[in-house]
Amino acid sequence: LVTSRHGAVKNEDTFKTSPFHFDLWFYFTLQNWVLDFGRPIAMIILPLEWFPLNKPSAGDYFHMAYNVITPFLLLKLIERSPKTLPRSMVYVSIIMFVMGASIHLVGDSVNHRLIFSGYQHHLSVRENPIIKNLKPETLIDSFELLYYYDEYLGHSMWYIPFFLILFIYFTGCFTPVEEESRMPVAALLLMGPSSLYYWYLVTEGQIFILYIFTFFAMMALVMHQKRKGLVLDSNGLFLFYSFIITLVLIAVWVIWLWNDKILRKKYPGVIYIPEPWAFYTLHMSNLHGAKESF
């Protein structure tokens, strides 16, 4: 009896269908662009007198809002899945996501405020002119620790749960009904901004390995489910195609900056994917300074 009940639930989950979640995907895209991508821009554009260097910047408040809104949207996305998903794993992932994003908030806040003191993101911590002359030299170790919390520990605890939750949701986006495997116009309109944001997330967060493994897992799941006669629904297609376009954008970005010797020095590994903000401080900030002096 227990086995049959569990089997009934499993079959019921398999044949449920879900309409395209335009509201959730729209809110995701909007808050990602405004609260994540827009936070360093807000910090730079708004007058420094409003947010002194020893106080949180406008970007920090954006980050705080992101840390609250994003977990809420992720939970809502999981709730709308047509398949029963592992709740414990979802909750643990959400907790880790909030911890990682909060750690990143502190490190990123200090690192971005250092821009006003001449810090250059295209250089390593020890190579920055404002850092390498610090006395005593142990202070440099402290800044390297801050960089570690920001770029490594914070990013890992932030992005690994984020992509894990997206993949868990993706596992429930399959249907045996061919008619459900179509994207509405709204999905097509959101795909561009969504893919461009994922490009920014992967390049700025330096998480290409995490992204590509998630993408490969998605492809493997699609091929496995296809053997069972199941296809992606509109939400699954939206997520899957967004990841494909993201990969194309990353390839274009790398090819464009392939011969940049300075960025090559900062990213010497096998996987060469420069950060957009490193590109900005290296090329664009000098251009802006020249315009202002002119």
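First, a word on scope: everything that follows refers to the structure included in this document. All residue numbers here refer to positions counted from 1 along the written sequence of the relevant chain. Totals for whole chains, interfaces and linings use all residues, but because this is a predicted model, local features are given only for residues with pLDDT of at least 70 and pairs of side-chain atoms are given and counted only at 80 or more. Only hydrogens and water are set aside; all other atoms, that is, all heavy atoms of the structure, feed into the side-chain values.

Some thoughts on the environment of arginine 182
By the criteria applied, helices consist of DSSP H or I runs no shorter than four residues and strands consist of E runs no shorter than two, each listed in order from the N terminus. Structurally, the position occupied by arginine 182 is in the loop between strand 1 (174–175) and helix 7 (185–205). Sequence separation of arginine 182 and glutamine 31 is 151 residues, and the distance between their C-alpha atoms is 26 Å. Any two residues whose heavy atoms approach within 4.5 Å at even a single point are treated as in contact. Residues within four places of arginine 182 in sequence aside, it is in contact with Ser234 and Leu237.

Here's the deal with the packing of aromatic side chains
Only Phe, Tyr and Trp rings are paired, with Trp represented by its six-membered ring, and only when their centres lie within 6.5 Å; those with planes under 30 degrees apart are stacked, over 60 edge-to-face, the remainder tilted. The final tally for this structure, using the stated rule, is 36 aromatic pairs. Between the aromatic rings of phenylalanine 215 and phenylalanine 216, the centroid separation amounts to 6.4 Å while the plane-to-plane angle is 35 degrees, which identifies the pairing as tilted. A 1.4 Å probe rolled over the protein chains alone gives each residue an accessible area, and that area as a share of the maximum for its type sets the label: buried under 20%, exposed over 50%, partly exposed in between. By relative accessible area, phenylalanine 216 is classed as partly exposed at 45%.

Brief notes about unusual backbone geometry
In this structure, glutamine 206 is a non-glycine residue whose phi angle is positive, near 55 degrees. Among the secondary structure elements, glutamine 206 is positioned in the loop between helix 7 and helix 8 (208–227). The class of glutamine 206 is partly exposed, set by a relative accessible area of 34%.

Looking at helix 8
Between the first and last residue of a helix there are one fewer steps than residues, each counted as 1.5 Å, and that sum is the expected span. The first and last C-alpha atoms of helix 8 sit 29 Å apart over 20 residues, in line with the 28 Å expected at 1.5 Å per residue. Taken together, the buried positions of helix 8 are occupied by Phe208, Tyr211, Ile212, Thr214, Phe215, Met218, Leu221 and Gln225. Of the surrounding secondary structure, the elements contacted by the buried residues of helix 8 are helix 6 (138–170), strand 1, helix 7 and helix 9 (234–256). Following helix 8 by one or two positions, glycine 229 has its phi on the positive side, about 85 degrees.

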